[in-house]
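The primary structure of each chain is shown beneath.
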Amino acid sequence: MFNLGVPIPSEAAEPPKGLALDWRKDDKGESNSLILWRKWVCCKERTRDKMYLEVDGLSCTPRKQTRVNCQARFQINYNDGSRVYMVKIFAPEHNHELATGNQIAFVRAHRHVSDAALALTNTMTRVSIRPCHTYEYMVEQARGYSVVGFTMKDLYNKLGQQRRTSPFERDSEGALSYMRALDEETYIWLLRTFLESMKGKIPKTVLTDSDEAMRKAIEIVMPEARHRLCIWHIGKNAFTHLKFEEKLKAFNRSVRKHQTAEQFERLWQEMIDEHDLHDDIWMGNMYEKRDKFCQAFFGDIFMAGMRSTQRCEGMNKEFKRVLGKGKSLVELVALAYILLMKLRHNQERDEFINMNSFPGAVTHLVDLEIQASSIFTHNVFKWIVSVYNRPEFDHTVVYHPEKETDSAEDPIMTDAGYNLLHKEISRLSSIVEGFVKEKEKVQAPATSSNMKGNVVRDPISVRTKGREKNDKKTEAPKRPITCGYCQGIGHNSQTCNVKKEKEKAEKKNENDE
C-alpha cells in the first residue's frame, strides 16, 4: 500500500491526462457524501458479452470490438486517521498497444464538447449554418484538429443528447407522427380553418398537385372553386411515363396550348394515333381529368397566367435551402421563423424602393409606362417591358370595331375572348385620351380662364435682366497665340522649336568642351 502523501478532494481524484491512456471510472464506495474508495480501469477492460457475439439473429452488422480484457487498474482508499487517500492497487501493465502522441486527440478521455462549443453550434444552426461547418470554423480558430478537444462525431452526439433531453422534443414527436398521417379529414380541417381566417371568402381557383385526398377535400369544402392541377407536376409525371422526346413534345403541345376544347380533342386524338398510346393506362387517366389541367378548359376564368404552384414551389425552395434531413420539429419552427423574418424584411425593402423610386421609360409609350409603373412593382413592370420587347411573344389579332367576331383571323379567338378584347381596347383608348387631355392642360399657358383654385402652373418665359450674351457668329475673333521667345504665331514658348534647337546646340557645345 502506497501513501500518496497529500490530501486529495473526493471528486478531484483523477488519473493524469497527460498520458496517452484512456481510463474510465469503474466503481466507488461512499458514506455521507464522502468517497471512501475509488477505482479506475482501462477502457479496454473486460470483453463484450457473448449474447452480442452470436451471429444468428442479427439484423445489422455488429459494431467493432474495442475491449481486450486489459487488467490495468488503479484504486485508492480513504484513510480516516491521516485524512488522505492512499493507493491500494496499481497495475500499470496493459496487454495492448498504447496511443502515440499524435493519436491522443482520439482517446475518449481526452475528448469533451464544452458548453461554449455547444452554444456556438446552436447559434450557428439557428442561422442555417450546419454543425459540420461550425466544427470546421472552430478548427480554424484553434489552428488544428487536435487542439479543438473533440471530433465532429462527438459534436453530433452531443447535439443528439441535447435534443433527447429537451421536453419540447419529446412533445414534438407526437405532433410529427400526426402530421405524417395526412388524410382527407386533415385536409378538410385545414381548408375550413383557412376559410375561417379569410372571413368565409371562397377563392375562385385552387392550384394543387395530384394529391387525391386534397382533391376530395376541395370538393367538400369549396365546391364552387375551380380546382386546377399543377402543370409542372403533370409534366414531371409525363417525363416518367412517356420518356421519349417526341411523345413529350406532343403531350405538352396538346395540354399547354391556348386553344378551344374541340381543338384539344383533335390534337389529343392525333397524338394517341401517331404514337400508338391507345392502351396506355396513364394517358387514359390523364384524359379522364383533362378538365383539371389542360389550358383549353380554363379560357373562361382569369388566373393571371398561373398554371402551376410556382408561388408554393418558390417558398419550398427557400425552405429546402435552410432545412435538411434530421431536423427536429423545434429546430424546424425556429428556422422557419428566421426565414419568414428574412422574407418579410426583403418585402419591406422592396416596398420602400417602389415607394421612393420609379423606373425610367424604355419604349415610346411613355405615358402608359408611367401609369403602369405606378400600379405594378418594379420587378413585374420590368417583366412586362421585357415581354413587350420580345418578338417571339407577338400574337397578331385583326380587330375591327365596326364588325362582329367573324373578323377575328386568329383561329383561337373565341366569341367571349373577342368581346373581352373589345372592352379592353375601349378601356385603354379612354385611358390614353385622358392622358392626352391632362398633358394638354399641363402644357397650356397659365391664364385666368384655366386657373381654378390653388393651381400653380409654369411661369411665362421672359428675357432676363443684365448684360445680354453676344452671338457667337458676331463675336470678335480672339487674339492669336504668340510665342514669347521667337514672337511667332500659333505656338507658345514651351513648344517653340527655335528655343529647343538653341538649347540643344548649347548642350552639345558644353559636352565638347
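Residues numbered from 1 in each chain as written. Predicted model: local features only at pLDDT ≥ 70, side-chain atom pairs only at ≥ 80, totals over all residues. Heavy atoms only, no water.

Bringing the nonpolar core into the picture now. Counting 20 residues, the largest nonpolar core has Phe251, Val255, Trp268, Met271, Met283 and Phe293 as the members making the most contacts within it. When contributions to this core are tallied by element, the ones reaching two or more residues are helix H8 (231–242), helix H9 (245–256), helix H10 (261–275) and helix H11 (281–288). Once you skip the residues sitting within four places of it in the chain, Trp268 turns out to touch Phe251, Ser254, Val255, Met283, Met286 and Tyr287. Counting twelve residues, the second-largest nonpolar core is a separate cluster that includes Tyr187, Ile188, Met214 and Ala225. (Core = buried A, V, L, I, M, F, W, Y, C linked by side-chain atoms within 4.5 Å. Buried < 20%, exposed > 50% of the residue type's maximum accessible area, 1.4 Å probe, protein only. Helix = DSSP H or I, 4+ residues; strand = E, 2+ residues; numbered from the N terminus. Contact = heavy atoms within 4.5 Å.)

A separate point is the pattern of salt bridges. In total, this model carries ten salt bridges according to the counting rule given. As a salt-bridge pair, Glu245 and Lys249 come within 3.4 Å of each other at their nearest N and O atoms. Within this pair, Glu245 and its partner Lys249 are both found in helix H9, separated by four residues, close to a single helical turn. Where Glu270 meets Arg266, a salt bridge forms, and the shortest distance between an N and an O atom there is 3.5 Å. Taken together, the residues span about one helical turn, with Glu270 and Arg266 both in helix H10 at a distance of four residues. Here the residues in one salt-bridge network are Glu212, Arg215 and Glu219, joined through shared partners. (Salt bridge = Lys/Arg side-chain N within 4 Å of Asp/Glu carboxyl O.)

Axis separation between helix H1 (residues 115–126) and helix H4 (residues 152–165) bottoms out at 11 Å; the angle between their running directions is 80 degrees. Put simply, H1 runs roughly perpendicular to H4. Contacts between H1 and H4 involve Leu118, Thr121 and Asn122 from the former and Leu155, Lys158, Leu159 and Gln162 from the latter. Tallied by class, residues from the contact of H1 with H4 come to three nonpolar, three polar and one charged. (Axes fitted to C-alpha atoms, helices over the stretch in contact; angles between N-to-C directions. Parallel < 35°, antiparallel > 145°, perpendicular 65-115°, else oblique. Nonpolar A, V, L, I, M, F, W, Y, C, P; charged D, E, K, R; others polar.)

Here we come to unusual backbone geometry. Residues other than glycine seldom take positive phi values, yet Ser33 does so here, at roughly 65 degrees. Mapped onto the fold, Ser33 is located in the loop between strand S2 (23–31) and strand S3 (34–42). The exposure class assigned to Ser33 is exposed, which follows from its relative accessible area of 69%. Located in the positive-phi region is Asp276, a residue other than glycine, with phi close to 55 degrees.

Attention now goes to the environment of Val113. By the element assignment, Val113 lies in the loop between strand S5 (84–91) and H1. Under the relative-accessibility criterion, Val113 is labelled buried at 5%. As a C-alpha pair, Val113 and Thr151 span 38 residues in sequence and 8.6 Å in three-dimensional space. When neighbours within four sequence positions are excluded, Val113 is seen to be in contact with Leu118, Phe150, Asp154, Leu155 and Lys158.

The subject of this paragraph is the packing of H10 against H11. As a packed pair, H10 and H11 sit with axes 13 Å apart at the nearest point and diverge in direction by 175 degrees. On the basis of their axis angle, the class for H10 and H11 is roughly antiparallel. Where H10 approaches H11, its residues Glu265, Trp268, Met271 and Ile272 are matched on the opposing element by Met283, Met286 and Tyr287. Considered class by class, the residues forming the contact of H10 with H11 number six nonpolar, no polar and one charged.

This part takes up the packing of aromatic side chains. The geometry of an aromatic ring pair is captured by the separation of the ring centres together with the interplanar angle, meaning the angle of the planes. Summed over all chains, the structure comprises ten aromatic pairs. Their ring planes at 55 degrees and their centres at 5.8 Å tell us that Tyr135 and Phe150 sit as a pair that is tilted. Here Tyr135 is found in helix H2 (residues 131–142), whereas its partner Phe150 is found in the loop between helix H3 (145–148) and H4, with 15 residues between them in sequence. The burial state of Tyr135 is the same as that of Phe150; both residues are buried. Seen in terms of ring centroids, Phe251 and Trp282 are 5.6 Å apart; in terms of plane orientation they differ by 45 degrees. Their pairing is tilted. Highlighted residues: Phe251 in helix H9 and Trp282 in helix H11, separated in sequence by 31 residues. In this structure, Phe251 and Trp282 share a single accessibility class: buried. (Phe/Tyr/Trp six-rings, centres within 6.5 Å; stacked < 30°, edge-to-face > 60°.)

By themselves, these observations are geometric and do not establish any function.
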